[in-house]
Amino acid sequence: MSTASGTSKAIFFHETGGPDVLRWEDHTPGTPGPGEALVRHGAVGLNFIDVYHRTGLYPLPSLPAIPGMEGAGTVEAVGDGVTEVRPGDRVAYAGNPVGAYAERRLIPAHRLVALPDDIDFVTAAGMMLRGMTARYLLYGCYPVTEGTTMLVHAAAGGVGSLVVPWARHLGATVIGTAGDESKAERARANGCQHVILYRQEDVATRVRELTDGRGVDVVYDSVGQATFMASLDCLRPMGTMVSFGQSSGSVEPFNPALLAAKGSLFLTRPSLMHYTAKRDDLLAHARDLFDVVRAGIVQVQVNQTFPLAQAADAHRALESRRTTGSTVLLV
């Protein structure tokens, strides 16, 4: 708990490495400067990008650093010139700047969105990054509409559990992949019409069978190295490959002529930070996400929680694929 002097606790890492580098230490967030807000977190989201920062795959500007890109809580104070939020507001955020694994933090006020009263902090922390990612995947990377056929890797995972029902609501046919039958059941519960057990079946062959040889319009691939080439083989001519993660490792370099050889394919490697860089775009993503969640179209599945102080245990669970849906760190 915070003391009267303004100190609190946060998770730091002083060098890159495994989960053991994460340390629970004293932290003084400071006073908000111009354009900043001080937020007391109620909950913090866990995402694979946090692992990438911790390992150094995505290097942060300097160390020591506080990881985390998603949180929800209450505004405690604001700096000069802030008009977006006021003290006492319930807010949520996802994206840069990094620093969410803290009881309290400073953040640019323009990155905060007002949280509806009927969405609690745990739900918000489990949906903001994944949910706004789902929004740009379905609206920005490829215009999913009635009749779209897609392949979603890790359909029982954090992003998959939001993309699949949202895509079904838009009228898409959704093929998902899963590693075992229990995750396949979750993928079907999310709305997948077809689920491929990728350890037992050849994904590209099965996709061709399910699409009468045509292939899918779009593949959403957060796995990376282990699935990338097979994902390309699942696409129809001029289909779109969306590579938005690399939980199995980085994709090896390849000759872009391969995209032509496989059917004049489109490839994109998107980032939420680019799709929500402008505040109007950030608010649109959050609004659309809140709408589908409040309407019950998308169910936010927070299937694991850990105390913030035990963030290392949460990272171990995530990296060993022992999680489904969203994982939230409780503050």
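Please read these numbers as outputs of a predicted model, since none were measured by experiment. (Residues numbered from 1 in each chain as written. Predicted model: local features only at pLDDT ≥ 70, side-chain atom pairs only at ≥ 80, totals over all residues. Heavy atoms only, no water.)

## As for the UniProt feature "domain: Enoyl reductase (ER)" (unreviewed entry) in the protein chain
Following the UniProt record, one finds the feature "domain: Enoyl reductase (ER)" (unreviewed entry) at residues 17-329. Secondary structure across residues 17-329 divides into 30% helix and 26% strand, with the first and last C-alpha atoms of the span separated by 20 Å. (UniProt positions renumbered as here; feature names shortened; annotations may be inferred. Helix = DSSP H or I, 4+ residues; strand = E, 2+ residues; numbered from the N terminus.)

## Looking at the pattern of salt bridges
A full pass over the atoms with the stated rule returns 17 salt bridges. Between aspartate 217 and arginine 236 there is a salt bridge, and its shortest N-O distance comes to 2.5 Å. Of this pair, aspartate 217 sits in strand β11 (residues 216-221) while arginine 236 sits in strand β12 (residues 235-243), and the two are 19 residues apart along the sequence. Assessed through its relative accessible area of 5%, aspartate 217 is described here as buried. Look at arginine 236 and you get buried, because its relative accessible area is 15%. Shared partners join several salt bridges into a network, and the residues in it are Asp20, Asp313 and Arg316. (Salt bridge = Lys/Arg side-chain N within 4 Å of Asp/Glu carboxyl O. Buried < 20%, exposed > 50% of the residue type's maximum accessible area, 1.4 Å probe, protein only.)

## Considerations on the nonpolar core
Counting 51 residues, the largest nonpolar core has Met128, Leu137, Leu138, Met150 and Tyr220 as its most contacted members. Residues within four places of leucine 138 in sequence aside, it is in contact with Pro143, Val144, Met150, Val163, Trp166, Ala167, Leu170 and Tyr220. Formed by 33 residues, the second largest nonpolar core is a distinct cluster that contains Val44, Leu46, Phe306 and Ala311. (Core = buried A, V, L, I, M, F, W, Y, C linked by side-chain atoms within 4.5 Å. Contact = heavy atoms within 4.5 Å.)

## Some remarks on helix α3 (residues 128-141)
Between its first and last C-alpha, α3 extends 18 Å over 14 residues, near the 20 Å set by a 1.5 Å rise per residue. In terms of burial, α3 is largely enclosed, as twelve of its 14 residues are buried. For α3, the set of buried residues is Met128, Leu129, Arg130, Gly131, Met132, Thr133, Ala134, Arg135, Tyr136, Leu137, Leu138 and Cys141. (Expected span 1.5 Å × (residues − 1).)

## Section: unusual backbone geometry
Note the cis peptide between leucine 63 and proline 64, where omega equals 0 degrees. Mapped onto the fold, proline 64 is located in the loop between α1 (48-55) and β4 (70-78). With omega at 0 degrees, the peptide bond leading from asparagine 96 into proline 97 counts as cis. If you trace the backbone, proline 97 turns up in the loop between β5 (90-94) and β6 (104-108). Positioned with a positive phi, serine 264 is a non-glycine residue whose angle comes to about 50 degrees.

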